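# Understanding the architecture of this molecule
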Amino acid sequence: MAVKVGFVGAGGIANWHLGHLSKIEGAEITSLCDVKRERAETTSKKYGGRIYTDYEKMLKEEKLDALYVCLPPFAHESVEILAAEKGIHLFVEKPIGLSLKKVKEKESAIRNNKIITSVGYQRRYQDSINKIKSLLKENKPGLFRGYWMGGMPGVSWWRRKEMSGGQAVEQTTHIFDLARYFFGEVEKVFATERKGLMKEIENYNVEDASAATLIFENGLMGTIYSACFLSCGEEVGMTIYFKDMVVKCNGNLEIVKPKETRKISFSDDPGLLEDQIFIEAVKTKDTSRIKSTYSDALKTLALTLAVNESIETSKVIDL
């Protein structure tokens, strides 16, 4: 039996998932909703699905098994609650919102209606990440640093902190999420920022760069750096320091030991795997392979919002 799938949001990230779903047997795209009708029409011509510009109307008229929510952080409104109340399972792109209070209300509706959820932290599905998880079972880390260093995305809403949440919330969230996935929960965070490097860009108020130092419940500490001012080059990943080993992860792996350096390449498609696992979970009701649920993603959101709070207050924030 086909899983009937709808989309709210038909832009870039939605098309990324639609490309995956077109390869997954048993996934049927039945409806697409976007505030820009022409964007929904363009996407529908490629992947199919009836077109809507009002998600409430779509949820009322369509019989969906699953809904992909692919919206900018500021635009989520009440779609997750409406879907949950109709028993529709949810894939929500990160970040899942900008208000912890509102996200907790949505989590309650999801939990009360027994909704299967997955959130778009596809890096958790990478083979390289699985390898690091195995190394961490046998080796105790002493320190780590994470980094998302690049340029400013072209979409206008990303440049406004009240709409995107800023780089830590919207983009480097992948690195903060991996830190939680690897090392457990964070106890305290202190963050600082830098502005004023991009005078040529109009109408932006996000930080040009930030550094967030995290102290985990297990005593580990590390710093995650964000930068969106670079005009050339990009560096995204994490380096973990052990007593007798350094592990560098940027999609592939480099494992450095006293007399040996190993480089391991991977050719997996974690996004496709993430979507396959979600569709299979909706079919079978077995959620054991989903690596990031809505409730877990809420904890990553809380961490990145604490980074913003620390930047704004210049204080250490307890989680």
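The text that follows walks through the structure, step by step, so that each part is easy to find. (Residues numbered from 1 in each chain as written. Predicted model: local features only at pLDDT ≥ 70, side-chain atom pairs only at ≥ 80, totals over all residues. Heavy atoms only, no water.)

Moving on, we come to the overall build of the chain. Regarding its fold elements, the chain presents 11 helices and 15 strands. Here the C-alpha atoms of the chain give a radius of gyration of 20 Å, agreeing with the 20 Å that 2.2 N^0.38 yields for 319 residues. Seen through its C-alpha atoms, the chain measures out along the principal axes to roughly 60 × 45 × 40 Å. Taken across its 319 residues, the chain has 52% of its residues classed as buried. By sequence separation, contacts in the chain at least 24 residues apart represent 69% of the contacts at least 6 residues apart. With 46 positive and 44 negative side-chain charges, the chain shows a spacing of 2 Å between the two charge centroids. (Helix = DSSP H or I, 4+ residues; strand = E, 2+ residues; numbered from the N terminus. Rg over C-alpha atoms; globule rule 2.2 N^0.38 Å. Buried < 20%, exposed > 50% of the residue type's maximum accessible area, 1.4 Å probe, protein only. Contact = heavy atoms within 4.5 Å. Lys, Arg positive; Asp, Glu negative; His and termini not counted. Charge placed at Lys NZ, Arg CZ, Asp CG, Glu CD.)

So, on to a nonpolar patch on the surface. A surface patch of nonpolar side chains, amounting to about 250 Å² of accessible area, comprises L143, I215 and M221. Position of M221 among the secondary structure elements: in strand β10 (residues 221-227). (Patch = residues over 30% accessible without salt bridge, like charges linked within 9 Å, V, L, I, M, F, W, Y side chains within 5 Å. Areas by Shrake-Rupley, 256 points an atom, 1.4 Å probe, with all protein chains shown as cover. Salt bridge = Lys/Arg side-chain N within 4 Å of Asp/Glu carboxyl O.)

Bringing the pattern of salt bridges into the picture now. Where charged atoms from two side chains of opposite charge approach closely, those side chains can pair. Summed over all chains, the structure comprises 17 salt bridges. The salt bridge involving D34 is made with R39; its shortest N-O contact spans 2.9 Å. With a shortest N-O distance of 2.6 Å, R124 and D296 are connected by a salt bridge. Here the residue R124 occupies a position in the loop between β6 (117-119) and α6 (127-138), and D296 occupies one in helix α11 (residues 294-313), the gap between them amounting to 172 residues.

This part is about the pairing of strand β4 (residues 66-69). Burial along β4 is two-sided: A66 and Y68 facing one way and L67 and V69 facing the other are all buried. Bridge analysis of strand β1 (residues 3-8) against β4 gives 4 bridges, and the strand direction is parallel. Across the sheet, residue V8 finds its bridge partner in β4, namely V69. Examined bridge by bridge, β4 and strand β5 (residues 89-92) share 4 bridges and lie parallel to one another. Of the residues in β5, the one forming a bridge with Y68 is F91. (Pairing = 2+ DSSP bridges.)

Of note, M245 is situated in the loop between β11 (235-242) and β12 (246-249). With 231 residues separating them along the chain, M245 and A14 place their C-alpha atoms 39 Å apart. Beyond its immediate chain neighbours, meaning those up to four positions away, M245 contacts N139, I240, I255, V256 and K257.

The next point concerns the sheet that holds β1. Spatial ordering of the open sheet is given by β3-β2-β1-β4-β5-β6, a layout of 6 strands whose pairing is parallel. Both outer strands of the open sheet, β3 (50-52) and β6, are each paired with one neighbouring strand and no more. On average, each strand axis in the sheet is tilted by 20° relative to the strand beside it, whichever way the strands run. In the packing of helix α1 (residues 12-21) onto the sheet, contacts are made with β1, β2 (27-33), β4 and β5, and the angle to β1 comes to roughly 165°. (Axes fitted to C-alpha atoms, helices over the stretch in contact; angles between N-to-C directions.)

Looking now at the packing of helix α9 (residues 173-183) against α11. Where α9 contacts α11, the axes come no closer than 10 Å and their chain directions differ by 115°. Our pair here, α9 against α11, has a crossing hand that is right-handed. Residue-level inspection shows T173, F176, D177 and R180 of α9 in contact with α11, the latter providing D296, K299, T300, L303, T304 and V307. (Left-handed = near helix turned anticlockwise from the far one by under 90°.)

In the structure shown here, the tally under the stated rule is 0 disulfides. With no disulfide of its own, C70 lies 12 Å from the sulfur of C33, the closest cysteine sulfur. (Disulfide = S-S within 2.5 Å.)

Attention now goes to the sheet that holds strand β14 (residues 260-264). Strand order in the open sheet formed by 9 strands is β14-β13-β12-β11-β7-β10-β9-β8-β15, and the pairing between neighbours is mixed. At either margin of the open sheet sits one strand with a lone partner, and together these are β14 and β15 (317-318). Strand direction decides the pairing type here: strand β8 (residues 186-194) and β15, joined by 2 bridges, are antiparallel. Directly across from K188, in β15, lies its bridge partner D318. Sheet strands in contact with α11 are β8, β9 (209-216) and β15, and its direction is about 50° off that of β8.

Let us look at the side chain of R180. In this fold, R180 is placed in helix α9. Among the residues examined, R180 registers a relative accessible area of 6% and is labelled buried. A polar contact is formed between the side chain of R180 and the side chain of E185, at a distance of 2.9 Å. Within polar-contact distance, the side chain of R180 engages the side chain of T300 at 2.8 Å. Here R180 is in contact with R124, E185, D296, K299, T300 and L303, once residues within four sequence places are set aside. (Polar contact = N/O pair within 3.5 Å; in protein donor to acceptor, adjacent residues only side chain to side chain.)

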